[in-house]
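What follows is the residue order along each chain.
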Amino acid sequence: MAEESLLPSHTEDVSASPNKSSSLLSEISNASTRPFVLAFTVGSCGALSFGCIVGYTAPTQSSIMKDLNLSIADFSFFGSILTVGLILGALICGKLADLVGRVYTIWITNILVLIGWLAIAFAKDVRLLDLGRLLQGISVGISSYLGPIYISELAPRNLRGAASSLMQLFVGVGLSAFYALGTAVAWRSLAILGSIPSLVVLPLLFFIPESPRWLAKVGREKEVEGVLLNLRGAKSDVSDEAATILEYTKHVEQQDVDSRGFFKLFQRKYALPLTIGVVLISMPQLGGLNGYTFYTDTIFTSTGVSSDVGFILTSIVQMSGGVLGVLFVDISGRRSLLLVSQAGMFLGCLATAISFFLQKNNCWETGTPIMALISVMVYFGSYGLGMGPIPWIIASEIYPVDVKGAAGTVCNLFTSISSWLVTYSFNFLLQWSSTGTFMMFATVMGLGFVFTAKLVPETKGKSLEEIQSAFTDSTPEDSTIF
């Protein structure tokens, strides 16, 4: 089947430029249907819950250790078992989402989160505490990839980036909220508060639609157009969009009729998108994100910065970067924001390394704390701008529906392992060399900048089928996505 019969031509976007503003307003209006708003709310609550889970341990460490008489080793295990859960969740996320669908998988993740928070809130010893944290990790390991996929498969092309970025922004909201609340709320009460997003989500799950692309994949073609009408509005003409989804799904199945299962992902034609997804999603972790997130207090204390001031300013800057990312992701594009974000994270790591070097050698003692604070703010602000949400957006866009589950498992597994490696080794690396540690992180972000500049395409304003076909079907002369 020729690519022209499957996808809208690229010249249509150019010739239609006089009507672009009215078209965008129309798509925004169409997207603002109740089912889409409810689906977006579900995704945002999931991201908020993720932030609450990540932000829980930092402000509660001393009180939990005191109340349950835990050793440092006990609490360290409680904190790190989240990563074990992430890895377990990553292993099953793709297969689960493909097997039972996006909505039923969201049911499972929210139930796991609720059980996890209740186990922590009512824990009398370390075993129930660890069980709760493990269940939360499994849930996050599944939902961190599922959330962006679900929203990208529902949203119109011109809103896909903004909707996914705004949803991911709620991770920062949850993280910042728990940092602040943890200083004033008892740890058991904080765990109860952490369950609120999941309690909000559960009744909404009865009213949100299943992904039309998953329905096409599992042979429920008759439901696709009805779901799209539900999402875009009853008066919308969704026949072309439905036809494109159904035809492209059939096209993919015909191409790979002899190739089934997980290892279908490892065909040569998927090598580039798989590499892009794995590298982009793992890069923040290998670039020091968990080191900065979990040990910010250590960084500030080591360089003479007030932890309270540092936490507040860093949270404000990260949220501001996230808001800017939401505003510009569908205007300037994913690739441009990624490059700016990676450059900023590189400079943040470099400045942190320099501040440690100056502090160690007793140089510029009055300016070193300011430089350290600014470097951390630059790092988190840059992360919020692009490297926080955009790798997940791109990963949700570039894989055809038949390998999306397997790709999610691989990407999620790599980022979970990367997260564990950095979290586990960070204190050892700081003991070896604080300056050297952040120079390593700066090197990773520098290489990431080059990788993005050379290999990552722009996906703004294109349908999912158009993006995926350009990766897997196009010859060099018609790869207009690059």
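The structure we're discussing is the one just above.
The shown structure was predicted, so the numbers you read here are calculated from the model rather than taken from an experiment.

Undergrad: Break down helix α23 (residues 434-455) for me, citing the residues and quoting the values.
TA: Taking 1.5 Å per residue, 22 residues should reach 32 Å; α23 reaches 32 Å between its end C-alpha atoms and fits that length. The complete set of buried residues in α23 reads Gly436, Thr437, Phe438, Phe441, Ala442, Met445, Gly448, Phe451 and Thr452.

Undergrad: Break down the side chain of arginine 213 for me, citing the residues and quoting the values.
TA: Inspection of the secondary structure puts arginine 213 in helix α12 (residues 212-217). At 2.9 Å, the side chain of arginine 213 and the backbone oxygen of glutamate 153 are in polar contact. When neighbours within four sequence positions are excluded, arginine 213 is seen to be in contact with Glu153, Ile245, Val401, Leu464 and Glu465.

Undergrad: Account for the packing of helix α15 (residues 271-286) against helix α20 (residues 368-387), naming residues and giving values.
TA: Following both chains from N to C, one finds α15 and α20 inclined at 165°, their axes separated by 12 Å at the closest point. Between α15 and α20, the angle is such that the two are roughly antiparallel. For α15 against α20, the interelement crossing comes out left-handed. Judged by residue contacts, Leu280, Met283 and Pro284 of α15 engage Tyr379, Tyr383 and Met387 from α20. Broken down by class, the residue content of the contact of α15 with α20 amounts to 6 nonpolar, no polar and no charged.

Undergrad: I'd like a rundown of the packing of aromatic side chains, residues and numbers included.
TA: A full pass over the atoms with the stated rule returns 14 aromatic pairs. Centre to centre, the rings of tryptophan 117 and phenylalanine 178 are 6.0 Å apart; their planes meet at 50°, and the pair counts as tilted. Taken together, the positions of tryptophan 117 in helix α7 (residues 102-121) and phenylalanine 178 in helix α9 (residues 157-181) put the pair 61 residues apart, joining distant regions of the chain. Accessibility assignment for this pair places tryptophan 117 and phenylalanine 178 in one class, buried. Aromatic side chains phenylalanine 426 and phenylalanine 441 sit 6.2 Å apart centroid to centroid with 5° between the ring planes, which places their arrangement in the stacked category. Taken together, the residues phenylalanine 426 in helix α22 (residues 401-432) and phenylalanine 441 in helix α23 connect sequence positions 15 residues apart. A single burial state applies to phenylalanine 426 and to phenylalanine 441, both of which are buried. Among the aromatic side chains, those forming a connected cluster through ring pairs are Tyr292, Phe356, Tyr379, Phe380, Phe426, Phe438 and Phe441. One Lys or Arg, arginine 133, reaches over the ring of phenylalanine 78 and ends 5.5 Å from the middle of that ring.

Undergrad: Describe in detail the pattern of salt bridges, supporting the description with residues and values.
TA: Applying the stated criterion across every chain, the model contains 11 salt bridges. With its nearest N and O atoms 3.2 Å apart, the salt bridge here joins aspartate 125 to arginine 127. With a closest N to O distance of 2.8 Å, glutamate 223 and arginine 220 form a salt bridge. Look at arginine 220 and you get partly exposed, because its relative accessible area is 35%. The network of salt bridges with common partners includes Asp98, Arg102, Glu153 and Lys404.

Undergrad: Got a sec to walk through the nonpolar core? Specific residues and values, please.
TA: Counting 53 residues, the largest nonpolar core has Leu265, Ile276, Tyr292, Ile394, Tyr399 and Phe438 as its most contacted members. Filtering out sequence-adjacent residues up to four positions away, phenylalanine 438 remains in contact with Tyr292, Ile299, Cys349, Thr352, Ala353, Phe356, Phe426 and Leu430. Counting 34 residues, the second-largest nonpolar core is a separate cluster that includes Ala47, Ile151, Ala163 and Ala242.

Undergrad: Describe the environment of valine 252, and please don't skip the residues or the numbers.
TA: Note that valine 252 resides in helix α14 (residues 239-255). Relative accessible area serves as the criterion here: at 4%, valine 252 is assigned to the buried category. When the C-alpha atoms of valine 252 and threonine 472 are compared, they prove to be 9.5 Å apart, with 220 residues separating the residues in sequence. Among residues more than four places away in sequence, those in contact with valine 252 are Pro400 and Asp402.

Undergrad: Tell me what's going on with the side chain of serine 419, and back it up with residues and numbers.
TA: One can find serine 419 in helix α22. If sequence neighbours within four positions are ignored, serine 419 has contacts with Thr83, Gln285 and Asn290.

Undergrad: Explain a nonpolar patch on the surface to me, using residue names and the numbers behind them.
TA: Where nonpolar side chains cluster on the molecular surface, the patch consists of Val323, Leu324, Leu327, Phe328 and Ile331 and spans about 450 Å² of accessible area. Relative to the helices and strands, valine 323 resides in helix α18 (residues 307-328). Residue valine 323 is classed as partly exposed on the basis of its relative accessible area of 40%.

Undergrad: Can you lay out the packing of α22 against α23 for me, pointing to particular residues and giving the numbers?
TA: With their axes 6 Å apart at the nearest point, α22 and α23 run at an angle of 135° to one another. By the angle between their axes, α22 is oblique relative to α23. Together, Val422, Phe426, Leu429, Leu430 and Trp432 of α22 and Ser434, Gly436, Thr437, Phe438, Met440 and Phe441 of α23 make up the contact between the two elements. Among the residues making up the contact of α22 with α23, the classes are represented as 8 nonpolar, 3 polar and no charged.

Scoring rules and cut-offs
- Residues numbered from 1 in each chain as written.
- Predicted model: local features only at pLDDT ≥ 70, side-chain atom pairs only at ≥ 80, totals over all residues.
- Heavy atoms only, no water.
- Helix = DSSP H or I, 4+ residues; strand = E, 2+ residues; numbered from the N terminus.
- Expected span 1.5 Å × (residues − 1).
- Buried < 20%, exposed > 50% of the residue type's maximum accessible area, 1.4 Å probe, protein only.
- Polar contact = N/O pair within 3.5 Å; in protein donor to acceptor, adjacent residues only side chain to side chain.
- Contact = heavy atoms within 4.5 Å.
- Axes fitted to C-alpha atoms, helices over the stretch in contact; angles between N-to-C directions.
- Parallel < 35°, antiparallel > 145°, perpendicular 65-115°, else oblique.
- Left-handed = near helix turned anticlockwise from the far one by under 90°.
- Nonpolar A, V, L, I, M, F, W, Y, C, P; charged D, E, K, R; others polar.
- Phe/Tyr/Trp six-rings, centres within 6.5 Å; stacked < 30°, edge-to-face > 60°.
- Lys NZ or Arg CZ within 6 Å of the ring centre and 35° of its normal.
- Salt bridge = Lys/Arg side-chain N within 4 Å of Asp/Glu carboxyl O.
- Core = buried A, V, L, I, M, F, W, Y, C linked by side-chain atoms within 4.5 Å.
- Patch = residues over 30% accessible without salt bridge, like charges linked within 9 Å, V, L, I, M, F, W, Y side chains within 5 Å.
- Areas by Shrake-Rupley, 256 points an atom, 1.4 Å probe, with all protein chains shown as cover.

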